[in-house]
Amino acid sequence: QHKDAYQAILDGVKGGAKEKRLAAQFIPKFFKHFPELADSAINAQLDLCEDEDVSIRRQAIKELPQFATGDNLPRVADILTQLLQSDDSAEFNLVNNALLSIFKMDAKGTLGGLFSQILQGEDIVRERAIKFLSTKLKTLPEEVMTKEVEEFILTESKKVLEDVTGEEFVLFMKILSGLKSLQTVSGRQQLVELVAEQADLEQTFNPSDPDCVDRLLQCTRQAVPLFSKNVHSTKFVTYFCEHVLPNLSSLTTPVEGLDIQLEVLKLLAEMSSFCGDMEKLESNLKKLFDKLLEYMPLPPEEAENGENAGNEEPKLQFSYVECLLYSFHQLGRKLPDFLTAKLNAEKLKDFKIRLQYFARGLQVYIRQLRLALQGKTGEALKTEENKIKVVALKITNNINVLIKDLFHIPPSYKSTVTLSWKPVQKADASQKRASEDTTSGSPPKKASAGPKRDARQIYNPPSGKYSSNLGSFSYEQRGGFRGGRGRGWGGRGNRSGGRIY
């Protein structure tokens, strides 16, 4: 009976500022009484959401959740998602709050609106909708985030993941790994499979294509935190051994200043602890062994051509050797007779000479580092130079422990070490722990006598071998995938994740 009066309120959106303000309040207030005018009412409110007057827009947006009843809810969610493109911060916050309030009414309906815009909307709307999901989902209570809702998120996310940029992929992994239903072993396994699909481990690896390399690294970074003794890294470790290691020296990266070879070796080392049964274990162990030999020089007097027999000592690349030795030690456990039964006696003898030479250099360097760090605590250890020395001491101690294991007859694979870049709570704690870990046989205080051979250049902290960001490796690195590369990584026309490093 008051239909005409309500229609007059709807027509108010065409009036002046006062009429519009009244309409913004009264259209939602009486909306439920006039279902036959629902479409006109939502359209009228939408006009107000796009008004030139910011105060009218804000009022209209604030009231939008009142229209989210029954079949109208997905449409309201869709409208609110589009409004995320607002550059006015107060308006943007209102949109976020409105979305969260309808989430609590009907999570699946709201997600339907968000995902329809992610799949079909403008770039800016897609980007902000993904960010909304990645930041707000974790704040919602369990009664909203039911198992059914989480399954819906996974199903819809899989559709989006068919065509994403690198940055979007990282955000979706953040969203999915935060879901309660995916915290289980089978859930983690599902996520690893999703990452493996994105990494496209079936494809031929092209080391000279920076995007191909970057994509593999981005995906592997997302997979590493998911691996455990029950969720195996075998597929990734196999791919790294068969395709990446043989091409290590020719890898290219779009990221300026990144030591791409060290990055790859670090990822391999982290994954090697969780490798399951590998089909071609012996051949992959051989590839790993061959790569390790490249970084384990013979003593100068042992060099065949005699070129190094002068004063020049080979450079010892401790960071690389820590990663390779650790990976070899982890995979070697699965084939403990590799060094004794699978290598000929000559090869084994050559390896032992290299190990011995490296160990000798280690002892000198460990003593130097301890001497430099002796008596330093608290603030003194926080200087950039000392942070690097603390990490260097951890690296050299780790290598020392692993070399001692391989010197056993037969070689042993029992020792456990914590990789040097794994986070520790305090710098001084790490230094103390590193000092205690060493098995060099000489207590730190005796080091002050000073080794006779410490004048040799190679035992000084080798420039570039310990980069200052050694201890700050982060899985949150983003982006870096160019658009237009077909399935999976930025093939959506001109969409690009941008290089945000």
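See the structure above.
Residues numbered from 1 in each chain as written. Predicted model: local features only at pLDDT ≥ 70, side-chain atom pairs only at ≥ 80, totals over all residues. Heavy atoms only, no water.

Draft legend 1. Spatial organisation of the overall build of the chain. Scanning the chain from terminus to terminus reveals 20 helices and two strands. Out of the 501 residues belonging to the chain, those deemed buried represent 50%. (Helix = DSSP H or I, 4+ residues; strand = E, 2+ residues; numbered from the N terminus. Buried < 20%, exposed > 50% of the residue type's maximum accessible area, 1.4 Å probe, protein only.)

Draft legend 2. Molecular detail of the pattern of salt bridges. Under the defined criterion, the tally for this structure stands at 19 salt bridges. The closest approach of N and O atoms between Asp51 and Lys20, which form a salt bridge, is 2.7 Å. Remark: Lys20 occurs in helix α2 (residues 17-30) and Asp51 occurs in the loop between α3 (38-49) and α4 (54-63); sequence separation between them is 31 residues. In this structure, the salt-bridge partner of Lys342 is Glu282, at a minimum N-O distance of 3.7 Å. Taken as a pair, Lys342 in helix α17 (residues 338-342) and Glu282 in helix α15 (residues 281-294) lie far apart in primary sequence, 60 residues in all. (Salt bridge = Lys/Arg side-chain N within 4 Å of Asp/Glu carboxyl O.)

Draft legend 3. Local environment of unusual backbone geometry. Here the residue pair Ile409 and Pro410 is connected by a cis peptide bond, since its omega of -10° sits within 30 degrees of zero. Relative to the assigned elements, Pro410 resides in the loop between α19 (384-407) and α20 (427-437). Non-glycine residue Asp200 carries a positive phi angle of around 55°. For Asp200, the position within the fold is in the loop between α11 (185-199) and α12 (210-223). Accessibility expressed as a relative area gives 25% for Asp200, which makes it partly exposed.

Draft legend 4. Spotlight on helix α7 (residues 107-120). The terminal C-alpha atoms of α7 lie 20 Å apart, and with 14 residues this matches the ideal 20 Å at 1.5 Å per residue to within 8%. Residues Ala107, Gly109, Thr110, Leu111, Gly113, Leu114, Phe115, Gln117 and Ile118 constitute the buried set of α7. Put simply, Asp106 is the residue that caps the front of α7, since its side-chain oxygen is 3.3 Å from the backbone nitrogen of Lys108. (Expected span 1.5 Å × (residues − 1). Polar contact = N/O pair within 3.5 Å; in protein donor to acceptor, adjacent residues only side chain to side chain.)

Draft legend 5. Summary view of the side chain of Asn72. Looking at the element boundaries, Asn72 is found in the loop between α4 and α5 (73-83). Ignoring sequence-local partners within four residues, the contact set of Asn72 consists of Phe31, Ile42 and Phe67. (Contact = heavy atoms within 4.5 Å.)

Draft legend 6. Structural detail: the state of the cysteines. Under the defined criterion, the tally for this structure stands at zero disulfides. No disulfide involves Cys241; its sulfur sits 7.6 Å from that of Cys275, the nearest cysteine. (Disulfide = S-S within 2.5 Å.)

Draft legend 7. Representation of the packing of α15 against helix α18 (residues 345-373). Running from amino to carboxyl end, α15 crosses α18 at an angle of 45°, the nearest separation of the two axes being 11 Å. Looking at the two axes, α15 sits oblique to α18. Along this stretch, α15 crosses α18, giving a crossing that reads as left-handed. Contact residues: α15 offers Lys286, Phe289, Asp290, Leu292 and Leu293, while α18 offers Lys347, Asp350, Phe351 and Arg354. (Axes fitted to C-alpha atoms, helices over the stretch in contact; angles between N-to-C directions. Parallel < 35°, antiparallel > 145°, perpendicular 65-115°, else oblique. Left-handed = near helix turned anticlockwise from the far one by under 90°.)

Draft legend 8. Examining the packing of helix α10 (residues 166-177) against α12 more closely. One way to put it is that α10 packs onto α12 with a least axis distance of 11 Å and a crossing angle of 10°. By the angle between their directions, the pair α10 and α12 is classed as roughly parallel. Contacts between α10 and α12 involve Phe169, Val170 and Met173 from the former and Gln218, Cys219 and Gln222 from the latter. Residues of the contact of α10 with α12, tallied by class, amount to four nonpolar, two polar and no charged. (Nonpolar A, V, L, I, M, F, W, Y, C, P; charged D, E, K, R; others polar.)

Draft legend 9. Highlighting the packing of aromatic side chains. Considering all chains together, one arrives at 14 aromatic pairs under this definition. In this structure an aromatic cluster arises from ring pairing among Phe289, Phe328, Phe338 and Phe351. (Phe/Tyr/Trp six-rings, centres within 6.5 Å; stacked < 30°, edge-to-face > 60°.)

Draft legend 10. Just the nonpolar core, in detail. Counting 147 residues, the largest nonpolar core has Ile27, Leu80, Phe236, Phe328 and Leu339 as its most contacted members. Other than its neighbours up to four places away in sequence, Ile27 contacts Tyr6, Ile9, Leu10, Val13, Ala41, Ala44, Gln45, Leu48 and Phe67. (Core = buried A, V, L, I, M, F, W, Y, C linked by side-chain atoms within 4.5 Å.)

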